[in-house]
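Spelled out, the chains give:
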Amino acid sequence: MIRSARPEDAEAVAPLLVLAMGHIAGIFARSTRYEDAVPFFEAFFKDGANQYSYANTLVYETEAGVIGSITGYDGSRLHELRQPVLNKLREAEPDFKPDDETEPGEYYIDCVNVHPSHQGKGIGKKLIIAFCEHAGVLGYARVGLIVDVINPSAKRLYENLGFQVAGEKDFMGHRYFHMVRGS
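Residues numbered from 1 in each chain as written. Predicted model: local features only at pLDDT ≥ 70, side-chain atom pairs only at ≥ 80, totals over all residues. Heavy atoms only, no water.

Attention shifts here to the environment of F131. Here F131 lies in helix α5 (residues 123-137). In sequence terms F131 and R142 are 11 residues apart; their C-alpha atoms lie 11 Å from each other. Not counting residues within four places of it along the chain, the set of residues in contact with F131 comprises L58, I70, T71, G72, Y73, Y107, Y108, I109 and V143. (Helix = DSSP H or I, 4+ residues; strand = E, 2+ residues; numbered from the N terminus. Contact = heavy atoms within 4.5 Å.)

Right, let's talk about the packing of aromatic side chains for a bit. Enumeration according to the criterion identifies 13 aromatic pairs in this entry. Judged by centre distance (6.5 Å) and plane angle (65°), the rings of F45 and Y54 are edge-to-face. On the basis of relative accessible area, F45 is assigned to the buried category, the value being 0%. Between Y158 and F163, the ring centres sit 5.7 Å apart and the planes meet at 75°, which makes this aromatic pair edge-to-face. The pair formed by Y158 and F163 is uniform in burial state, with each residue classed as buried. Taken together through their ring pairs, the aromatic side chains of F28, F40, F41, F44, Y52 and F96 make up a single cluster. Over the ring of F177 we find K155, and its NZ or CZ is 5.2 Å from the ring centre. (Phe/Tyr/Trp six-rings, centres within 6.5 Å; stacked < 30°, edge-to-face > 60°. Buried < 20%, exposed > 50% of the residue type's maximum accessible area, 1.4 Å probe, protein only. Lys NZ or Arg CZ within 6 Å of the ring centre and 35° of its normal.)

What follows is the structure, given as structure tokens:
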């Protein structure tokens, strides 16, 4: 079942966010152990007003619990939603300033993730489709995301779901394809 996330999902979703974020989670945690970022994401997930919030997340839940999630928001709200996260990160690194990964006019998929023991079962695809439908209900004709250029399998997945490369972006030390679905 796919449903809107709740604050109490933080314990299940935070490790999934870390999994999806990869090297970015390590940057946030200031650690080579990405899992050190779990408390960071738990705290932001429970808060209703930032880019990693439960308010911006759909979860995939089975009898085993939450095994997947997708987080996203209106691209024009990036700076507003990112600000609480930046405030925290700048406590340790005052000059931290990431590039923008999304654009106004698109509903942006920030993170999509499935627990490793449930990957390859189509759950990620279902979450992406549900997110795109949710965006449509909210009045967005365009959904965007970025995918690392060194991850061709993820790029193919998105292409199979109707996304097309609209350009490239540099973000947090990597090069990404900016992909969009819709007009």
